[in-house]
Structures are given as C-alpha cells and as structure tokens.
Amino acid sequence: MPLKIIAEIGSVHDGSFGNAKKLIELSSNVGADIVKFQTHLSEFETSKDAPNPPYFSDENRFEYFERTAFDKKQYSQLFQHSTLNGIDFLSSPFSIEAVDFLEKIKVTSYKVPSGEVTNLALLERLADTKKTIYLSSGMSNWKEIEQAMEVLHSDKTILMQCSSVYPCPPKKVGLNVIREMKDKFDVEVGFSDHTDSFYAGIMAIGFGATVIEKHLTFSKKMYGSDALNAMEPEDFKNFTKELRDAFQAMEHPVDKDNLEDYIEMKKIFEKSIYLKKDIKKGEKITLDHLSFLKPGDGISSSKYKEIIGRVTKRNLKKGSQLNESEIK
C-alpha cells in the first residue's frame, strides 16, 4: 500500500468559507494526499446542553457547530476545490443525516470519528455507501472496535489507531496497537497523530501504518477547538517529508550481502596488507613484517593469517603493498 497523509482541518476554518478553501490549498502545498473536514449538523448531532470537551469551553457546542457549518453548495465547492488542487477530499459525518448530506455531493470516502464508533446506526448507513471508510478508535476498546468492523464488513475499511488525548503524551500513543490491529483484522491500518511532535507518526510507519493523519492549522493562535493542538505549515511540510522518507526506508529492505554500492568505498576506507620492514627473498613472513594500511585495493587485511608462514619470491621493501604474485 502507498503511504497516504491526511491533513485534518477540523474546525480550524472557524466557519470561514474563504479560510476553508485556503486550508485546502495549504494542505496540498505542505505535501498531504488527503484533506479532511468534519460535517456537523447540530440538530442531528448534539443536544443543546451537551458538555464541552475540556480543551474548548468558549462556546456552547450546539451553537458552535451551527455557526461553523457549511451548506451543501459550499461543501460541493470545497470538494471541487480539493480536486483542482490535486488533493483528495474526506469528511467525518457525525450523524446519519450528515452522511446523506455528503452523499449528495458524491464524496468518495468517509472518516468515522472516535466518538461515533459505537453509533451502529451511523456505521450501517456508512456501510451502505460501499465507499472507503477510515475508522478511528481513539476511545474504543477491542470489543467495540470488533463490533464496528463487523458492521462495516469491508476490505475498504482502514482502521486508525489513535488516542483521544489532546495533546497526546508519549506514554499514551499506543504504537503497539497498530500491529495488534493488523494481526486481528488483516486490514490496512493507519495512525491519527495527536502528539505535538514528529516522532509518533514516523514511528507508526515502522509499526506498519500506511495512513498518517495530523491536524493542520495556519497558526496555533487561531480561535477554536483544534488549532492549539494542530501543526503549523512549515512543521507540517517537514513532517510529510520525514514521513515519506521513513516509509521509503521501510519499503526498501537492504541486502547486506549485496555490496555493489560500496565497492569504491571499500577500496577507500578498508585496509590492505603492507610491509612494515624489508624482507629478503625466501624469507618466511611473520606478523612482525606486516602493517595494515589504506587503501583496500590489495590483499585484504582480513586475510593476514593466510599470509603468515608463506615465503617471498624476491626481495621486498618496507612500505610496499604486498601482492599475491610476490609470495608462495
């Protein structure tokens, strides 16, 4: 599977259609393959007095989702803008009605947010679309994940390890779960990186992840629930480069017995057998006669024991490189 990098926009646009378009362009420019939005329809998603998460309490959630939502025409334009910028469009629907809404603009894939893994009616609706589904797992146990996978029952499902902690500390990243997911479900596995650094996403590739998701923002100082825990453009650009380098390293195992790349380097850096002192014709060679010097284009220093005890065919001078033709 090729590596896919998702730039998660979340609520960073803060309801600005112009910002949303610019974030799509930014996602493409910093090297992401997919740009991801969240489709919130307040009346079908949350009660008006639902509590806020601990990292954002500036607005009532119902009102916040309502204020920052886009209509069908705008979503359709965002989808088209993604295509124009050479990046795939992805969204997380938080209700069945949101799936119906996104189906009208003919999106090609969906992301199940961590809090919706147990919303089986939503999963059944997503399964009906027959489209690629990215299933998050940030707050679910194995039983809940297995139940969700049974509902989605598709080889198009990509299971995403993540931890719903913002920012996520190293001890809660759970990279081990990536391998466990691959063993349990035999599906493509990805990683949603909620840390505030590079290391976890890069290490996730070593554990077998082929999809890496990271929040992207213009600035951590922007208003909203996601910006503070997102990555700024220059860092995200460097992050994508490091991810692709790491993935390439994993995809190309090295054969230590294939030394074609090192033939010239071995000559330069390895050592050959030289003479430490003059030696007369017919004299038996001892270790005291030998020194080991660069370059490695003569008899390899590794063969010195095969040289000891042999005799010279002629007089040899101190400092000369020993050749097979000179000894018997």
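Fair warning: this is a prediction, and the values are worked out from it, not measured in the lab.

> What should I look at first to understand the overall build of the protein in this one?
Of regular secondary structure, the protein possesses 12 helices and 10 strands. The C-alpha atoms of the protein give a radius of gyration of 30 Å, which is well past the 20 Å a tight globule of 328 residues would have. With the C-alpha coordinates of the protein rotated into their principal frame, the extents come out at 100 × 40 × 35 Å. Burial statistics for the protein: of 328 residues in total, 45% are counted as buried. Of all intrachain contacts in the protein linking residues separated by at least 6 positions in sequence, the fraction that spans at least 24 positions is 64%.

> When you look at a negative patch on the surface in this model, what are you seeing that I'm missing?
A cluster of acidic side chains, namely Glu43, Glu63, Glu66 and Glu97, defines a negative patch on the protein surface. Summarising the element assignment, glutamate 97 is placed in helix 5 (residues 96-103). Residue classification places glutamate 97 among the partly exposed positions, given a relative accessible area of 31%.

> What is the right way to read helix 4 (residues 72-84) from this model?
If you check helix 4, its first and last C-alpha atoms are 18 Å apart, about what 13 residues at 1.5 Å a residue would give, namely 18 Å. Regarding helix 4, the residues found buried are Tyr75, Leu78, Phe79, His81 and Ser82. Angularly, the buried residues of helix 4 cover 160° about the axis, an arc narrow enough to put them on a single face. Residues Lys73, Thr83 and Leu84 are exposed on helix 4 and point more than 90 degrees away from its buried face. In the core, the buried residues of helix 4 are packed alongside helix 1 (17-29), strand 2 (34-39), strand 3 (88-93) and helix 5. Looking at where helix 4 begins, the residue whose side-chain oxygen comes 3.2 Å from the main-chain nitrogen of lysine 73 is aspartate 71. Positive phi appears at glycine 86, one or two residues downstream of helix 4, with a value of about 70°.

> Explain the pairing of strand 8 (residues 211-215) here, please?
Remember that side chains alternate between the two faces of the sheet whenever the strand is regular. Counting buried residues in strand 8 gives 5 out of 5 residues, a clear majority hidden from the surface. Of the two faces of strand 8, both are covered, the one formed by Val211, Glu213 and His215 as well as the one formed by Ile212 and Lys214. Bridge count for strand 1 (residues 4-8) against strand 8 is 5 bridges, and the pairing is parallel. Bridged to isoleucine 6 within strand 8 is glutamate 213. Pairing geometry for strand 7 (residues 189-193) and strand 8, over 4 bridges, is parallel. Residue pairing for strand 8: serine 192 is matched across the bridge by glutamate 213. As a crossover connection, the stretch from strand 7 through helix 9 (residues 199-206) into strand 8 is right-handed.

> Looking at this model, I keep getting lost on a nonpolar patch on the surface. Mind explaining?
A grouping of Leu259, Tyr262, Met265, Ile268 and Phe269 is seen on the molecular surface, where their side chains present a nonpolar patch of about 490 Å² in accessible area. Along the polypeptide, methionine 265 turns up in helix 11 (residues 263-269).

> Sorry, what's going on with the pattern of salt bridges here?
Where charged atoms of side chains with opposite charge meet at close range, the side chains can pair. One pass over the full model with this rule turns up 15 salt bridges. The partner of aspartate 193 in a salt bridge is lysine 214, and the shortest N-O contact between them spans 3.0 Å. Of the two residues, aspartate 193 is situated in strand 7 and lysine 214 in strand 8; the sequence distance between them amounts to 21 residues. Across this residue pair, the class does not change: aspartate 193 and lysine 214 are buried. Here the salt bridges do not stand alone but share partners, grouping Asp14, Glu59 and Arg67 into one network.

> Sorry if this is basic, but what is going on with the nonpolar core here?
Across soluble globular proteins, nonpolar side chains show a tendency to be buried alongside one another. One finds Phe37, Tyr75, Leu78, Leu126, Phe191 and Ile212 to be the most contacted residues of the largest nonpolar core, which totals 64 residues. Here tyrosine 75 is in contact with Phe37, Gln38, Thr39, Phe70, Phe89, Ser91, Phe101, Leu102 and Ile105, once residues within four sequence places are set aside. Leu275, Ile299, Ile307 and Leu316 belong to the second-largest nonpolar core, a separate cluster that totals 10 residues.

> I'm lost on the packing of helix 6 (residues 120-129) against helix 7 (residues 142-152) in this one. Help?
Each pair of packed helices can be described by the angle between their axes along with the distance between the axes. It is the contact of helix 6 with helix 7, at a shortest axis distance of 8 Å, that shows an interaxial angle of 35°. Both helix 6 and helix 7 take part in a crossing whose hand is right-handed. Contacts between helix 6 and helix 7 pair Leu120, Leu123, Glu124, Leu126 and Ala127 from the former with Gln147, Ala148, Val151 and Leu152 from the latter.

> Got a minute to help me understand the packing of aromatic side chains in this structure?
Aromatic rings in a pair are described by how distant their centres are and how their planes are angled relative to each other. Summed over the entire model, instances satisfying the criterion amount to 11 aromatic pairs. For the pair tryptophan 142 and phenylalanine 185, a centre-to-centre distance of 6.2 Å together with 35° between the ring planes defines the contact as tilted. In this pair, tryptophan 142 is assigned in helix 7 and phenylalanine 185 in helix 8 (residues 176-185), connecting sequence segments 43 residues apart. Between phenylalanine 198 and phenylalanine 239, the ring centres sit 5.5 Å apart and the planes meet at 70°, which makes this aromatic pair edge-to-face. Here phenylalanine 198 is found in the loop between strand 7 and helix 9, whereas its partner phenylalanine 239 is found in helix 10 (residues 233-251), with 41 residues between them in sequence. The residue whose ring lies beneath lysine 48 is phenylalanine 62, and the NZ or CZ to ring-centre distance is 5.4 Å.

> Where do I start with the packing of helix 7 against helix 8 in this structure?
Running from amino to carboxyl end, helix 7 crosses helix 8 at an angle of 45°, the nearest separation of the two axes being 12 Å. If you check the angle between helix 7 and helix 8, you find them oblique. By crossing handedness, the relation of helix 7 to helix 8 is classed as right-handed. For the pair helix 7 and helix 8, the contacting residues are Trp142, Ile145, Glu146 and Met149 in the first and Val177, Glu180, Met181, Lys184 and Phe185 in the second. Of the residues in the contact of helix 7 with helix 8, the class split is 6 nonpolar, no polar and 3 charged.

Reading the values: rules and limits
Residues numbered from 1 in each chain as written. Predicted model: local features only at pLDDT ≥ 70, side-chain atom pairs only at ≥ 80, totals over all residues. Heavy atoms only, no water. Helix = DSSP H or I, 4+ residues; strand = E, 2+ residues; numbered from the N terminus. Rg over C-alpha atoms; globule rule 2.2 N^0.38 Å. Buried < 20%, exposed > 50% of the residue type's maximum accessible area, 1.4 Å probe, protein only. Contact = heavy atoms within 4.5 Å. Patch = residues over 30% accessible without salt bridge, like charges linked within 9 Å, V, L, I, M, F, W, Y side chains within 5 Å. Areas by Shrake-Rupley, 256 points an atom, 1.4 Å probe, with all protein chains shown as cover. Salt bridge = Lys/Arg side-chain N within 4 Å of Asp/Glu carboxyl O. Lys, Arg positive; Asp, Glu negative; His and termini not counted. Charge placed at Lys NZ, Arg CZ, Asp CG, Glu CD. Expected span 1.5 Å × (residues − 1). Arc of directions from axis to C-beta. Polar contact = N/O pair within 3.5 Å; in protein donor to acceptor, adjacent residues only side chain to side chain. Pairing = 2+ DSSP bridges. Right-handed = clockwise from strand over helix to strand, strands pointing away. Core = buried A, V, L, I, M, F, W, Y, C linked by side-chain atoms within 4.5 Å. Axes fitted to C-alpha atoms, helices over the stretch in contact; angles between N-to-C directions. Left-handed = near helix turned anticlockwise from the far one by under 90°. Phe/Tyr/Trp six-rings, centres within 6.5 Å; stacked < 30°, edge-to-face > 60°. Lys NZ or Arg CZ within 6 Å of the ring centre and 35° of its normal. Parallel < 35°, antiparallel > 145°, perpendicular 65-115°, else oblique. Nonpolar A, V, L, I, M, F, W, Y, C, P; charged D, E, K, R; others polar.

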